[in-house]
Amino acid sequence: MTLAPDRLERFARHIVLPEVGGAGQVALSTAHVVLIGCGGIGSPALQYLAAAGIGELTLVDDDRIDASNLQRQTIFAEADIGRPKAEVAAQWVERFDRSLKVRAHVGRVGGDNLAPVLEGAHLVLDGCDNFATRLAVSDACVAAGVPLTSAAIGRFQGQVANFAGHLPGESCYRCFVGDAFDAEDCDSCAADGVLGAMAGMVGAFAAMQAIRVLLEGRATLGDPQWGKLHLVEGFVPSLRTMRIAKDPACKGCLKAGAVD
Ligand SMILES: [Zn+2]
């Protein structure tokens, strides 16, 4: 596959990077990413994924836009208040780049309805706002063999990691957090607050890590750094990285037969 002249021009600053190149840009243009959550993380992540020319995007969110979202969810405007986030996000993509395929999924995902949403996906980027959905998404990714970029923020902190629990020796999101968060009563963003620019930093970081996964085997930037959790501190700026080991008792990995 080659890129048309208008696409070569649009992505010239990627293609000139030896770490991406033409082959890398083609890989991005044929990739399908499922974005879980079009909020604080999903919004900036989507802007950079779409700008990177990710060929196909599925946008999942069950929420509607609220005035209090506008402080950090940068693709939404006042006129969008009350409308479904996934739909408005899809319209943003359509306006931004007509060549990208985009689909909105308005509704909550979990359990049985996840597998069809993940079908054909090369990567899932999860920036949703609750642990129950995150764990369900992680389990579905491990079962379907789809890599997961997981990103979260709170107050002045963020965390970003790439998981490939379906691979031998690699951890999943459930290996990291355990089973305690399956309940839906531990979501604290509204009560704790979050600085808007942190969502931008962490969402853009998540897009960067997702692009690494999509370029694996296609360009030298393609080092997915599986199981490395990056902790972003914004109050006194710093970045720490830790390795998440595979949990031999992890329910998600065991169920998928992905424990050695
Ligand atoms: Zn696991």
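Residues numbered from 1 in each chain as written. Predicted model: local features only at pLDDT ≥ 70, side-chain atom pairs only at ≥ 80, totals over all residues. Heavy atoms only, no water.

> How should the layout of surface pockets be read in this particular structure?
Leftover empty space is mapped by rolling, across the atoms, a probe with the size of a water molecule. Each pocket or cavity is described by its volume, and for the second largest pocket that value is around 260 Å³. The wall of the second largest pocket is formed by Gly 111, Leu 114, Ala 115, Ala 136, Asp 139, Ala 140, Ala 143, Ala 144, Arg 174, Gly 252, Lys 255 and Ala 256. Of all the elements in the fold, those that place two or more residues in the lining of the second largest pocket are α6 (114-118), α7 (131-144) and α11 (251-255). Residues of the lining of the second largest pocket, tallied by class, amount to 7 nonpolar, 2 polar and 3 charged. (1 Å grid on protein atoms, 1.4 Å probe; cavity = no way out; pocket = protein on both sides within 12 Å on 5 of 7 lines; lining within 4 Å. Points joined across faces, edges and corners; volume = space filled by probe spheres on them. Helix = DSSP H or I, 4+ residues; strand = E, 2+ residues; numbered from the N terminus. Nonpolar A, V, L, I, M, F, W, Y, C, P; charged D, E, K, R; others polar.)

> Mind showing me how you'd approach empty space enclosed by the protein here?
Tallied over the full model, the rule gives 2 cavities of 30 Å³ or more. The calculated volume of the largest cavity comes to roughly 50 Å³. Surrounding the largest cavity, Arg 134, Ser 150, Ala 151, Ala 152, Gln 159, Val 160, Ala 161, Phe 163, Tyr 173, Phe 176 and Leu 229 form its lining. Residue assignment for the lining of the largest cavity shows that the elements contributing at least two residues are β5 (148-154), β6 (157-163) and α8 (173-177). Looking at the lining of the largest cavity, the element that brings in the most residues is β6, giving 4 residues. Along the lines of polarity and charge, the residues of the lining of the largest cavity split into 8 nonpolar, 2 polar and 1 charged. Approximately 30 Å³ is the volume attributed to the second largest cavity. Taken together, Ser 138, Cys 141, Val 142, Val 146, Leu 148, Phe 163, Ala 164, Gly 165, His 166, Cys 172 and Tyr 173 make up the full set of residues lining the second largest cavity. It is α7 that contributes the most residues to the lining of the second largest cavity, 3 residues altogether. A per-class count over the lining of the second largest cavity returns 8 nonpolar, 3 polar and no charged.

> How should the pattern of salt bridges be read in this particular structure?
Pairing of side chains with opposite charge becomes possible as their charged atoms draw close. In the structure shown here, the tally under the stated rule is 9 salt bridges. Between Arg 103 and Glu 56 there is a salt bridge, and its shortest N-O distance comes to 2.8 Å. Taken together, the residues span a long stretch of sequence, with Arg 103 in strand β3 (residues 101-106) and Glu 56 in strand β2 (residues 56-61) at a distance of 47 residues. Taking relative accessible area as the criterion, Arg 103 reaches 38% and is therefore assigned partly exposed. Using a relative accessible area of 19% as the deciding quantity, one classes Glu 56 as buried. Salt-bridge contacts for Arg 174 lead to Asp 179; the nearest nitrogen and oxygen are separated by 3.0 Å. Among the residues examined, Arg 174 registers a relative accessible area of 4% and is labelled buried. Residues joined in a network through salt bridges with shared partners are Arg 7, Arg 10 and Asp 97. (Salt bridge = Lys/Arg side-chain N within 4 Å of Asp/Glu carboxyl O. Buried < 20%, exposed > 50% of the residue type's maximum accessible area, 1.4 Å probe, protein only.)

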